[in-house]
Amino acid sequence: MSSSVVTSSPDIMGGTPVFAGTRVPVETLLDYLEGGESIEDFLEGFPSVHREQVIAFLEETKARVLAEVG
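In this report, the structure presented in the accompanying data block is examined.

Those residues of helix α1 (residues 26-34) that sit buried are V26, T28 and L29. Buried positions in α1, seen along its axis, are confined to an arc of 155° and lie on one side of it. The secondary structure elements touched by the buried residues of α1 are β1 (6-7), β2 (18-19), α2 (39-45) and α3 (51-69). Positive phi shows up at G36, right after α1, with a value of about 90°.

In structure tokens, the structure reads:
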């Protein structure tokens, strides 16, 4: 994952991957989406995360999955 999108540090949330510049775990976004919530719902709940970060995370994740399958 690009360092501008997701970071992980033992000093922040015990090393849990978070959106860069925040303390919001990327897993929280996935939980929202799995629960049927929208990206807009997530962004309203976590205003420190920017739409561009969410889109970049999803695009990078998609690219990784497709690279592994293909």
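Relative to the helices and strands, Q53 is located in helix α3. The exposure class assigned to Q53 is buried, which follows from its relative accessible area of 10%. If we skip the residues at most four places from it in the chain, Q53 touches S4, V5, F19, A20 and S48.

Turning next to the environment of F42. Here F42 shows up in helix α2. On the accessibility criterion, F42 (0% relative accessible area) is buried. Sequence-distant contacts of F42, that is, excluding residues within four places in its chain, are made with F19, V24, T28, L29, Y32, V49 and V54.

Tracing the sequence through the fold places T22 in the loop between β2 and α1. Residue classification places T22 among the buried positions, given a relative accessible area of 8%. Within the local environment of T22, its side chain forms a polar contact with the backbone oxygen of F19, the two atoms lying 2.7 Å apart.

Time to look at α3. Along its 19 residues, α3 runs 27 Å from first to last C-alpha, staying within 8% of the 27 Å computed at 1.5 Å per residue. Listed as buried for α3 are Q53, V54 and F57. For α3, the buried positions fall inside an angular range of 100° around the axis, keeping them on one side. Among the exposed residues of α3, those pointing more than 90 degrees away from its buried face are E52, E59, K62, L66 and A67. Buried residues belonging to α3 abut β1, β2, α1 and α2.

A few words now on the packing of α1 against α3. Remark: α1 packs on α3, axes separated minimally by 12 Å, with the N-to-C direction vectors making an angle of 85°. Relative to α3, the element α1 is oriented roughly perpendicular. Residue-level contacts link V26, L29, L30 and L33 of α1 to V54, F57 and L58 of α3. Grouping the amino acids of the contact of α1 with α3 by side-chain chemistry returns seven nonpolar, no polar and no charged.

What counts and how
Residues numbered from 1 in each chain as written. Predicted model: local features only at pLDDT ≥ 70, side-chain atom pairs only at ≥ 80, totals over all residues. Heavy atoms only, no water. Buried < 20%, exposed > 50% of the residue type's maximum accessible area, 1.4 Å probe, protein only. Helix = DSSP H or I, 4+ residues; strand = E, 2+ residues; numbered from the N terminus. Arc of directions from axis to C-beta. Contact = heavy atoms within 4.5 Å. Polar contact = N/O pair within 3.5 Å; in protein donor to acceptor, adjacent residues only side chain to side chain. Expected span 1.5 Å × (residues − 1). Axes fitted to C-alpha atoms, helices over the stretch in contact; angles between N-to-C directions. Parallel < 35°, antiparallel > 145°, perpendicular 65-115°, else oblique. Nonpolar A, V, L, I, M, F, W, Y, C, P; charged D, E, K, R; others polar.

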